[in-house]
Amino acid sequence: MSVRLVSAPISLVYSEASLDKEAYLREYSQLSESDDDPISQWLKLAKGRGETSDTDPVLLNLVVELHRKIDALEMFLKNETPKRLSLTNKIKIESIGFEHFKVESADLEPGKEYYGRVEMPVHPKRDVPIFFRAVDESLCEIVKIHDRDEKEWGVYLTARERVLIREAKAK
């Protein structure tokens, strides 16, 4: 099988999906677009009612991100952490493709399904929940990912390709 991958320095925490499939599916659903934070819910409702039509979208996005940062700072000061399942393994992803990714060195069992959260370096920074299957000890195939996250994954992949092309031209 020929898979095209691009170097990408991101991290992944994961566990075997069969350990607690129901809990992983519940978290996967909670991290979906429909269950975003309260400011995102408010913004979607406001957009739906047409209340944001006279607002500069870039400025609105920046204000929303500022609100999220204040919420995160408040959580930090109160020593609160987001409710996430504890996943047993943490590893670095060395390269990604549209439907695959390769991790550095892992003891993944080929054919086994895993659940994980990828720490995506996009704006806004967030964890992307995925279900993936090990093709071999280090190559993984994405089995389940939300539509919005799949689009951001593709955008990030394209951005990484552009960076690598620029670096190659500079040499």
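It should be emphasised that the depicted structure is a prediction, and the values quoted were computed from it without experimental measurement.

Procedures and definitions
- Residues numbered from 1 in each chain as written.
- Predicted model: local features only at pLDDT ≥ 70, side-chain atom pairs only at ≥ 80, totals over all residues.
- Heavy atoms only, no water.
- Helix = DSSP H or I, 4+ residues; strand = E, 2+ residues; numbered from the N terminus.
- Buried < 20%, exposed > 50% of the residue type's maximum accessible area, 1.4 Å probe, protein only.
- Contact = heavy atoms within 4.5 Å.
- Areas by Shrake-Rupley, 256 points an atom, 1.4 Å probe, with all protein chains shown as cover.
- Lys, Arg positive; Asp, Glu negative; His and termini not counted.
- Charge placed at Lys NZ, Arg CZ, Asp CG, Glu CD.
- pLDDT = per-residue confidence, 0-100.
- Salt bridge = Lys/Arg side-chain N within 4 Å of Asp/Glu carboxyl O.

Right, let's get into the overall build of the protein. Helix and strand counts for the protein stand at 4 helices and 6 strands. When its helices and strands are written in sequence order, the protein yields β-α-α-α-β-β-β-β-β-α. In the protein, which comprises 171 residues, the share counted as buried stands at 36%. Within the protein, counting contacts between residues at least 6 apart in sequence, those at least 24 apart form 68% of the total. Surface exposure of the protein reaches about 11,000 Å², of which carbon and sulfur atoms provide 53%. Between the mean site of the 27 positive side-chain charges and the mean site of the 32 negative ones, the protein shows a separation of 3 Å.

Attention now goes to the confidence of the model for the protein. For the protein, the mean per-residue pLDDT works out to 87, and 95% of the residues sit at or above 70. Helix 2 (residues 38–48) is the least confidently modelled element of the protein, averaging 79 in pLDDT, while strand 6 (residues 139–145) averages 95, the highest of any element.

On to the pattern of salt bridges, then. As enumerated under the stated definition, the model contains 10 salt bridges in all. K112 is the salt-bridge partner of E16, the closest N and O atoms lying 3.5 Å from each other. A residue pair is termed long-range when its members are at least 10 positions apart, and E16 in strand 1 (residues 6–16) and K112 in the loop between strand 3 (100–103) and strand 4 (113–120) qualify at 96 residues. In this structure E16 comes out as partly exposed when scored by relative accessible area, which is 21%. Taking relative accessible area as the criterion, K112 reaches 26% and is therefore assigned partly exposed. For R133, the salt bridge is made with E141, and the minimal N-O distance between the two is 3.7 Å. With a relative accessible area of 27%, E141 lands in the partly exposed category.

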